[in-house]
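# Remarks on the overall topology
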Amino acid sequence: MFAAIMITSSMFISDRAPQSTQYLTVAIAVSMVFVSVGILLFGVQHHLALIAMCAESIESPANNALNRSLFRLAAYLVLGGIGVCLILILINYAILERIDQGFAVFG
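Note that this is a predicted model, so its numbers are computed, not measured. (Residues numbered from 1 in each chain as written. Predicted model: local features only at pLDDT ≥ 70, side-chain atom pairs only at ≥ 80, totals over all residues. Heavy atoms only, no water.)

## Here we look at the overall build of the protein
Each helix and strand counted, the protein has three helices and zero strands in total. A compact globule built from 107 residues would reach a C-alpha radius of gyration of about 13 Å, whereas the protein, at 20 Å, exceeds it by more than 25%. Taken over the C-alpha atoms alone, the protein extends approximately 65 × 20 × 15 Å along its principal axes. Every one of the 107 residues in the protein was classed for burial, and the buried ones make up 19%. Partitioning the contacts of the protein with sequence separation of at least 6, the portion at a separation of at least 24 is 68%. When the accessible surface of the protein is split by element, carbon and sulfur atoms take 72% of a total near 7700 Å². Seen as two clouds, the 4 positive and the 5 negative side-chain charges of the protein have centres 10 Å apart. (Helix = DSSP H or I, 4+ residues; strand = E, 2+ residues; numbered from the N terminus. Rg over C-alpha atoms; globule rule 2.2 N^0.38 Å. Buried < 20%, exposed > 50% of the residue type's maximum accessible area, 1.4 Å probe, protein only. Contact = heavy atoms within 4.5 Å. Areas by Shrake-Rupley, 256 points an atom, 1.4 Å probe, with all protein chains shown as cover. Lys, Arg positive; Asp, Glu negative; His and termini not counted. Charge placed at Lys NZ, Arg CZ, Asp CG, Glu CD.)

Have a look at this one:
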């Protein structure tokens, strides 16, 4: 979500941001992609927590198998999330460097 905010706000840098609608459209589209990724990640986190709470309330022999599968799913999501976080950190760094140079991110 931070990347979306920075890309959109970089369009308001005075005298350096391009004024054409093409650059504005690209900046807004890329911002929406980052917002979508943020919403997706928050949704996955929320639903995984709900599944874990439901699994805790089940009192049956199948509970052990469910807990193992849930733990493995969480482990895979954490491993994938580490990769996504590294990519997003690199993208945010590049955005901040571009803004630090005094230019809009796109343009």
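So, next bit.
## Describing helix α1 (residues 2-10)
Count 3.6 residues to each turn of an α-helix, and residues three or four apart come out pointing the same way. Of the residues making up α1, those classed as buried are Ala3, Ala4, Met6, Ile7 and Ser10. Within α1, the buried residues cover an arc of 165 degrees as seen down the axis, which keeps them to one side. Packing partners of the buried residues in α1 comprise α2 (21-57) and α3 (62-100). (Arc of directions from axis to C-beta.)

## Describing the side chain of Ser31
If you trace the backbone, Ser31 turns up in helix α2. At a separation of 2.9 Å, a polar atom in the side chain of Ser31 contacts the side chain of Thr8. Here Ala27 takes part through its backbone oxygen, which lies 2.9 Å from a polar atom of the side chain of Ser31. In this view, Ser31 contacts Ala4, Ile7 and Thr8; residues no more than four positions away in its chain are not counted. (Polar contact = N/O pair within 3.5 Å; in protein donor to acceptor, adjacent residues only side chain to side chain.)

## A short note on α3
If you check α3, its first and last C-alpha atoms are 55 Å apart, about what 39 residues at 1.5 Å a residue would give, namely 57 Å. Turning to α3, its buried residues number three or more, namely Asn63, Leu70, Asn92 and Ile95. The inward-facing, buried residues of α3 contact α1 and α2. (Expected span 1.5 Å × (residues − 1).)

## Let's talk about the nonpolar core
Of all hydrophobic cores here, the largest spans 10 residues; its members are Ala3, Ala4, Met6, Ile7, Met11, Ala27, Phe34, Ile95, Ala104 and Val105. Of all elements in the fold, only α1 and α2 reach the threshold of two or more residues within this core. Among the elements that make up this core, the one with the highest residue count is α1 (four residues). (Core = buried A, V, L, I, M, F, W, Y, C linked by side-chain atoms within 4.5 Å.)

## A short note on the packing of α1 against α3
Taken N-terminus to C-terminus, the directions of α1 and α3 make an angle of 20 degrees; their axes are 10 Å apart at the nearest point. Here α1 lies roughly parallel to α3, going by the angle between them. When you trace α1 past α3, the crossing you get is left-handed. Packed against α1, whose contacting residues are Phe2, Ala3, Met6, Ile7 and Ser10, the element α3 presents Asn92, Ile95, Leu96 and Ile99 at the interface. In terms of residue class, the contact of α1 with α3 is made up of seven nonpolar, two polar and no charged. (Axes fitted to C-alpha atoms, helices over the stretch in contact; angles between N-to-C directions. Parallel < 35°, antiparallel > 145°, perpendicular 65-115°, else oblique. Left-handed = near helix turned anticlockwise from the far one by under 90°. Nonpolar A, V, L, I, M, F, W, Y, C, P; charged D, E, K, R; others polar.)

## Here's the deal with a nonpolar patch on the surface
Residues Tyr76, Val78, Leu79, Ile82, Leu86 and Ile89 make up a contiguous nonpolar surface patch of about 680 Å² in total accessible area. Note that Ile82 resides in helix α3. Judged by relative accessible area, Ile82 falls into the partly exposed class, the value being 45%. (Patch = residues over 30% accessible without salt bridge, like charges linked within 9 Å, V, L, I, M, F, W, Y side chains within 5 Å. Salt bridge = Lys/Arg side-chain N within 4 Å of Asp/Glu carboxyl O.)

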